[in-house]
Amino acid sequence: FRRYIMENLIMVTAVSVLFVFGCSNGGSDGGPAAPEEPTIDGVWTGTSMTTSISPASHPVVALMVAYLNQPYAITASFSTANGVSCTLTSTDSGAYELLSGSFSGSTFALSGTYSSVAVLTGIEADGVLYDLYLHTSSFSGTMSGDSITGTWGSSYNVTYSASGDAAGVITTSDRVTLARGK
């Protein structure tokens, strides 16, 4: 009986191997297909958490400190149709940012191209009104299976609302953690 099982197992295994290697998705030489490259395409959900805001001495930063280390829900929609693009959206507010750049292997580096909140006006700090203008934005990270970890950084030019004169630059850095949507 043992011999029968072993002989039939070998025959079934041999037929299975021939079937797999003979399929059209195998390599051009009839061998197995090359492993698929990981894809970042799709919707990812998770959190972003501001870990630094500078310079600490700027009056507007004093208002923002309350948001340090407070995670907030975001979604990231990636597409590799024409290069790599991503829309980062705050789940609570609906504010979003468009970014584009590169994806290679498992890492990506993107730069901001548009933000729905690129201009924030009339921010009162110490009795003075300020306006913030998004100057630069970047999002970079690493994909591992169905998770992404990364850094989202932004730089804002600050002006006095009344005169439009320069009032400094504020930079922020966020830690981002995402999971592929199901």
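This text gives an overview of the structure that appears in the document. Please read these numbers as outputs of a predicted model, since none were measured by experiment.

## With respect to the overall build of the protein
Then step 1. Along the backbone of the protein there are 2 helices and 9 strands.
Then step 2. Secondary structure elements in the protein, listed N-terminal to C-terminal, are α-β-α-β-β-β-β-β-β-β-β.
Then step 3. Excluding contacts between residues fewer than 6 apart, the proportion of contacts in the protein whose partners are at least 24 apart in sequence is 51%.
Then step 4. Total accessible area on the protein stands at roughly 11,000 Å², and carbon and sulfur atoms take up 59% of it.

## Things to note about the packing of aromatic side chains
Then step 1. What the rule picks out here adds up to 5 aromatic pairs.
Then step 2. Considering the side-chain rings of Y96 and Y114, the 5.9 Å spacing of their centres and the 40 degrees angle between planes classify their relative orientation as tilted. Here Y114 lies in strand β5 (residues 107–115) and Y96 lies in strand β4 (residues 96–104), a separation of 18 residues in the sequence.
Then step 3. Given the relative accessible area of 32%, Y96 is considered partly exposed.
Then step 4. Taken together, the ring pairs connect F78, F108 and F139 into an aromatic cluster.

## Topic: the environment of T39
Then step 1. With respect to the helices and strands, T39 occurs in the loop between α1 (2–22) and β1 (42–54).
Then step 2. By relative accessible area, which is 39% here, T39 ends up partly exposed.
Then step 3. Sequence-distant contacts of T39, defined by excluding residues within four places in its chain, comprise M143 and R180.
Then step 4. A distance of 3.0 Å separates the side chain of T39 from the side chain of D41, its partner in a polar contact.

## Quick notes on the side chain of S154
Then step 1. In this structure, S154 sits in strand β8 (residues 147–160).
Then step 2. Here S154 falls in the buried class, since its relative accessible area comes to 10%.
Then step 3. Apart from residues lying up to four places away in sequence, S154 is in contact with L134, T136, S137, I170, T171 and T172.

## Some remarks on the nonpolar core
Then step 1. Formed by 17 residues in total, the largest nonpolar core has its most connected members in W44, F78, L88, L110, F139, I148 and L178.
Then step 2. Contributing elements (two or more residues each) for this core: β2 (72–79), β3 (84–90), β5, β7 (128–144), β8 and β9 (166–180).
Then step 3. Core analysis: the next-biggest nonpolar cluster, separate from the first, contains 12 residues, V60, M64, Y130 and V158 among them.

## Focus: the pairing of β7
Then step 1. Bridge analysis of β5 against β7 gives 5 bridges, and the strand direction is antiparallel. Residue T107 lies in a different strand from β7, and its bridge partner there is T142.
Then step 2. Judged from the 5 bridges that link them, strand β6 (residues 119–125) and β7 form a sheet pairing that is antiparallel. Each residue of the ladder has a partner; that of V119, found in β7, is Y133.

Procedures and definitions
Residues numbered from 1 in each chain as written. Predicted model: local features only at pLDDT ≥ 70, side-chain atom pairs only at ≥ 80, totals over all residues. Heavy atoms only, no water. Helix = DSSP H or I, 4+ residues; strand = E, 2+ residues; numbered from the N terminus. Contact = heavy atoms within 4.5 Å. Areas by Shrake-Rupley, 256 points an atom, 1.4 Å probe, with all protein chains shown as cover. Phe/Tyr/Trp six-rings, centres within 6.5 Å; stacked < 30°, edge-to-face > 60°. Buried < 20%, exposed > 50% of the residue type's maximum accessible area, 1.4 Å probe, protein only. Polar contact = N/O pair within 3.5 Å; in protein donor to acceptor, adjacent residues only side chain to side chain. Core = buried A, V, L, I, M, F, W, Y, C linked by side-chain atoms within 4.5 Å. Pairing = 2+ DSSP bridges.

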